Amino acid sequence: MPFVHDDPRIEAFGRRVQASCSGEGSGHDWWHIWRVWRLARRIAETEGAEMYICELAALAHDVEDHKLGRPPGTLAAWLEEAGVDGPTARRVTDIARRISFRGAQVADETPCLEGRVVQDADRLDAIGAIGVARAFAYGGSRGRPIYDPGETPIMHDSFESYRRSRSSSLMHFYEKLFLLADRMHTPAARALARERHAFMEAFVQRFLDEWEGLA
Ligand code: ADP
Ligand code: NI
């Protein structure tokens, strides 16, 4: 189903992104982008953020993700092809560059309301039931075990050490996913995060009980 939007620039850009990542298997597929776009719209509405920027930045946020290995300049070129003007493209690129989580002890850089909205939307899609599915899909795509009882979580203090982490998927909950609810910027996202967070806690508790044969 091709992406549809009543703004032709957003539609063209969305379709370009969609074409580039359909069927991706590590949790960065088109449907992740689509969910983040929808959440960003919802949060932007409540927070009074600039909708055009939030929508483009949500669609753009993973185009140059370090894990996907696309050359710098890809995002600017795709925005230009879609008819987005230079100043807007620079704002969107700047927001996208600062979105990613960089480690438990690494502070976020979030310059503007629109950046905070999209970062919150991206992080909501990393937690809750979808977050559980994505963590194990990502771990599987990298050959990681689902859990190793000998491990302890590492609170990474640099992006480099976070990137190099080889932890099991279950450790990822402690190293990132359980930290996200408290790092939401906007009240709208914080409210959505609360329930998603509680769901993940119940999931991990149940996982560990089953692991021990207690449940
Ligand atoms: P984002 O889209 O927020 O930038 P990432 O690109 O870091 O997130 O990761 C994509 C998805 O894979 C997220 O749901 C994330 O939590 C998950 N993920 C990232 N690193 C790991 C890991 N080491 N183990 C399991 N899941 C991971
Ligand atoms: Ni993302």
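Here goes a summary of the coordinates provided. (Residues numbered from 1 in each chain as written. Chains lettered and ligands numbered in written order. Predicted model: local features only at pLDDT ≥ 70, side-chain atom pairs only at ≥ 80, totals over all residues. Heavy atoms only, no water.)

1. Some thoughts on the coordination of the nickel ion (ligand 2)
Note the following rule: The donor definition counts N, O and S atoms within 2.8 Å of each metal and applies 3.2 Å to Na, K and Ca; water is not among these atoms, so some sites may look incomplete. For each residue, the accessible area found with a 1.4 Å probe, counting protein chains only, is set against the maximum for its type, and the residue is called buried under 20%, exposed over 50%, and partly exposed in between.
Here the nickel ion (ligand 2) is held by His32 (NE2), His61 (NE2), Asp62 (OD) and Asp122 (OD), and the distances to it run 2.1 to 2.6 Å. Motif for the nickel ion (ligand 2), donor spacing along one chain: H-x28-H-D-x59-D. By relative accessible area, which is 5% here, His61 ends up buried.

2. Here's the deal with helix H4 (residues 74-81)
Quick note on the threshold: Counting from the N terminus, the helices are DSSP H or I runs at least four residues long and the strands are E runs at least two residues long. The reported arc concerns the directions from the helix axis to the C-beta atoms and nothing else.
What H4 keeps buried is the set Thr74, Leu75, Trp78 and Leu79. Projected onto a plane normal to the axis of H4, the buried residues spread over an arc of 130 degrees and lie on a single side. Turned more than 90 degrees away from the buried face of H4, the exposed residues are Glu80 and Glu81. Among the residues trailing H4, Gly83 stands out with phi positive, at a value near 90 degrees.

3. Re the pattern of salt bridges
Side-chain pairs of opposite charge can arise where the charged atoms are in close proximity. As a reminder, the rule being used: In the sections that follow, a salt bridge refers to a side-chain nitrogen of Lys or Arg positioned within 4 Å of a carboxyl oxygen of Asp or Glu.
Considering all chains together, one arrives at 14 salt bridges under this definition. Arg41 is the partner of Glu55 in a salt bridge, and the nearest nitrogen-oxygen pair spans 3.5 Å. One end of the pair, Glu55, is in helix H3 (residues 51-60); the other, Arg41, is in helix H2 (residues 30-47), with 14 residues separating them in the sequence. Using a relative accessible area of 6% as the deciding quantity, one classes Glu55 as buried. For Arg41, a relative accessible area of 34% translates into the label partly exposed. Where Arg134 meets Asp125, a salt bridge forms, and the shortest distance between an N and an O atom there is 3.6 Å.

4. Observations regarding the side chain of Asp122
Selection rule: Charged residues are defined here as Lys and Arg on the positive side and Asp and Glu on the negative side; His and the ends of the chain fall outside this count. Note on contacts: a residue pair qualifies if any of its non-hydrogen atoms lie within 4.5 Å across the two residues.
Relative to the assigned elements, Asp122 resides in helix H6 (residues 113-124). No salt bridge is formed by the buried Asp122; the nearest opposite charge belongs to Arg134, separated by 5.1 Å. Sequence-distant contacts of Asp122, defined by excluding residues within four places in its chain, comprise His32, Val36, His61 and Ile99.

5. A closer look at the packing of aromatic side chains
To be explicit about the condition: Only rings of Phe, Tyr and Trp enter the pairing, Trp through its six-membered ring, and a pair is recorded when the two centres are within 6.5 Å. The plane angle decides the type: under 30 degrees is stacked, over 60 is edge-to-face, the rest tilted. Here, over-ring charges are defined by two tests on the NZ atom of lysine or the CZ atom of arginine: distance to the ring centre within 6 Å, and angle to the ring normal within 35 degrees.
Counted under the stated rule, the structure contains 14 aromatic pairs. Where Tyr147 meets Trp211, the ring centres are 4.7 Å apart and the plane angle is 80 degrees; that geometry is what we call edge-to-face. In this pair, Tyr147 sits in the loop between helix H7 (128-141) and helix H8 (159-164) while Trp211 sits in helix H10 (residues 187-211), placing the two residues 64 residues apart along the sequence. Using a relative accessible area of 38% as the deciding quantity, one classes Trp211 as partly exposed. Taken together, the ring pairs in this structure connect Phe136, Tyr147, Phe173, Tyr174, Phe178, Phe203, Phe207 and Trp211 into an aromatic cluster. Sitting over the face of the ring of Trp78, Arg16 holds its NZ or CZ atom 4.1 Å from the ring centroid. Here Arg102 stacks its cationic end above the ring of Phe159, 4.4 Å away from the centre of that ring.

So, to be careful, I would describe these as geometric facts and stop short of saying anything about function.
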